[in-house]
Amino acid sequence: MVKANLPEGTRVPCHVGVIMDGNGRWAKKRGLPRKFGHREGAKTFREITRHAKRLGISYITYYAFSTENWKRPQDEVDAIMELFEKYLDEVRDFIEENIRVRFIGDRSKLSESLQRKMASVEEDSKNFDSMTLVLAINYGGRDEIAHSCRVLAGKVRRGELEPDDIDTELIERNLYTEEIPPVDLVIRPSGEQRLSNFMIWQAAYAEFYYTNILWPDFKGSDLEAAVLDYSERNRRFGGI
Ligand code: FPP
């Protein structure tokens, strides 16, 4: 199958992680408040998700809000939360496209209405299988590993698990990404070359793709360039 504009034989990553960076700078360049950058970034999110499906990507995870993003000015946090509410209503369109929607992160600090919407979108899309869209909201990789450890420690306390039986597989099974495969390719626009606590466990063997394009300007053709670049890499997973 020829995948959109990709040449025959392109190896498409199964799971792509995206760090949506550069929204603030995009707005600043235009003399606009930062929240306008997030609004444009949300449009890009919608376009890129649809394009990812056309390319045959099975899982796409977006870093939408980190556990550290609460430190931003309150009006910016509020604007981002409002965008989530709005887009969760729109995400229902994805359901019609047979896309499963999941969320990772600590939901307990999010508003009740957002939590309710998240749960209902997940429930309504749970049997869809054309692609899985994962949104990381109030997500931090270290926080996620601590969460898994707490679950396992509870089992030890109740006598359901021996400490010696804790291995990497068990830790992995209790991450927020249960049943989501490891990340193959992490894309970070805007010129930064950091992982910033994004899926630090799942990206252990991921390939990285950086570009100077700011997230609101990121296009389907940029996603294709990242996939082509990935396709040419030689992944060894610690072997030779
Ligand atoms: C990083 O850019 C972006 C964020 C912290 C927020 C991302 C949120 C959205 C795109 C809003 C909506 C998302 C969905 C899924 C509906 P930055 O603000 O750090 O940019 P900068 O580095 O240029 O300041």
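Report follows, based on the coordinates. Source: prediction; values computed, not measured.

### A look at the sheet that holds strand 2 (residues 59-66)
Strand pairs in the sheet, formed through backbone hydrogen bonds, run parallel or antiparallel to each other. Taking strand neighbours across the sheet as the criterion, the 6 strands line up as 3-4-2-1-5-6 in an open arrangement whose pairing is parallel. Where the open sheet ends on each side, the last strands, each with one partner, are strand 3 (99-104) and strand 6 (207-210). On average, adjacent strands in this sheet sit at an angle of 20° to one another, irrespective of strand direction. Across 5 bridges, the pairing between strand 1 (residues 15-19) and strand 2 is parallel.

### Overview of the site of the ligand
Around the ligand sit 19 residues in total, of which Met20, Gly24, Arg25, Arg34 and Arg72 are the nearest. Within the backbone of Arg25, one N or O atom sits 2.7 Å away from an oxygen atom of the ligand. Note that an oxygen atom of the ligand is positioned 2.8 Å from one of the side-chain N or O atoms of Arg34. Burial of the ligand by the surrounding chains reaches 91%, relative to a free accessible area of 620 Å². Within the residue set of the shell around the ligand, elements represented by two or more residues are helix 1 (23-29), helix 2 (34-55) and helix 3 (74-96). Ranked by residues supplied to the shell around the ligand, first place goes to helix 2 with 5 residues. Across the shell around the ligand, the residue classes tally to 9 nonpolar, 6 polar and 4 charged.

### Some remarks on the environment of Gly22
The topology assignment puts Gly22 in the loop between strand 1 and helix 1. Judged by its relative accessible area of 4%, Gly22 is buried. A sequence separation of 167 residues divides Gly22 from Pro189, and the C-alpha atoms of the two residues are 7.1 Å apart.

### Considerations on the packing of helix 3 against helix 4 (residues 112-124)
Running from N to C, helix 3 and helix 4 cross one another at 15°; their axes reach a closest spacing of 10 Å. The angle between helix 3 and helix 4 places the two elements in the roughly parallel class. With respect to the hand of their crossing, helix 3 and helix 4 are arranged in left-handed fashion. Along its contact with helix 3, which presents Met81, Phe84, Glu85, Leu88, Asp89, Val91, Arg92 and Ile95, the element helix 4 presents Ser113, Leu114, Lys117, Met118, Ser120, Val121 and Asp124.

### Details of unusual backbone geometry
Even without a glycine there, the phi angle at Asn138 is positive, about 50°. With respect to the helices and strands, Asn138 occurs in strand 4 (residues 131-139). Judged by its relative accessible area of 2%, Asn138 is buried. Phi is positive for Met199, close to 45°, though the residue is something other than glycine.

### Comments concerning the environment of Met81
On the secondary structure map, Met81 appears in helix 3. With 16 residues separating them in the primary sequence, Met81 and Phe65 have C-alpha atoms 9.1 Å apart. Beyond its immediate chain neighbours, meaning those up to four positions away, Met81 contacts Phe65, Trp70, Leu110 and Leu114.

### Quick look at the side chain of Ser231
Mapped onto the elements, Ser231 comes out in helix 7 (residues 220-231). Under the relative-accessibility criterion, Ser231 is labelled buried at 16%. In this structure the side chain of Ser231 is engaged in a polar contact, spanning 2.9 Å, whose partner is the backbone nitrogen of Arg11.

### What about the pattern of salt bridges?
Taken as a whole and judged by the stated rule, the model has 19 salt bridges. Residue Glu122 pairs with Arg107 through a salt bridge whose shortest N-O separation is 3.0 Å. With a gap of 15 residues between them, Glu122 in helix 4 and Arg107 in the loop between strand 3 and helix 4 connect regions that are remote in the sequence. Overall, the relative accessible area of 24% leaves Arg107 in the partly exposed class. One salt bridge in this structure joins Glu192 and Arg194, with 3.3 Å as the shortest N-O distance. What you see here is one network of salt bridges that share partners, running through Asp21, Arg25, Arg188, Glu192 and Arg194.

### Observations concerning the pairing of strand 4
In terms of residue burial, strand 4 counts as a mostly covered element, since 9 of its 9 residues are buried. Examined bridge by bridge, strand 2 and strand 4 share 7 bridges and lie parallel to one another. When the bridges of strand 4 are listed, Thr61 appears paired with Val134. Bridge analysis of strand 3 against strand 4 gives 6 bridges, and the strand direction is parallel. If you follow Arg100 over to strand 4, its bridge partner there is Thr132.

Criteria and cut-off values
Residues numbered from 1 in each chain as written. Predicted model: local features only at pLDDT ≥ 70, side-chain atom pairs only at ≥ 80, totals over all residues. Heavy atoms only, no water. Pairing = 2+ DSSP bridges. Helix = DSSP H or I, 4+ residues; strand = E, 2+ residues; numbered from the N terminus. Axes fitted to C-alpha atoms, helices over the stretch in contact; angles between N-to-C directions. Near = heavy atom within 4 Å. Polar contact = N/O pair within 3.5 Å; in protein donor to acceptor, adjacent residues only side chain to side chain. Areas by Shrake-Rupley, 256 points an atom, 1.4 Å probe, with all protein chains shown as cover. Nonpolar A, V, L, I, M, F, W, Y, C, P; charged D, E, K, R; others polar. Buried < 20%, exposed > 50% of the residue type's maximum accessible area, 1.4 Å probe, protein only. Parallel < 35°, antiparallel > 145°, perpendicular 65-115°, else oblique. Left-handed = near helix turned anticlockwise from the far one by under 90°. Contact = heavy atoms within 4.5 Å. Salt bridge = Lys/Arg side-chain N within 4 Å of Asp/Glu carboxyl O.

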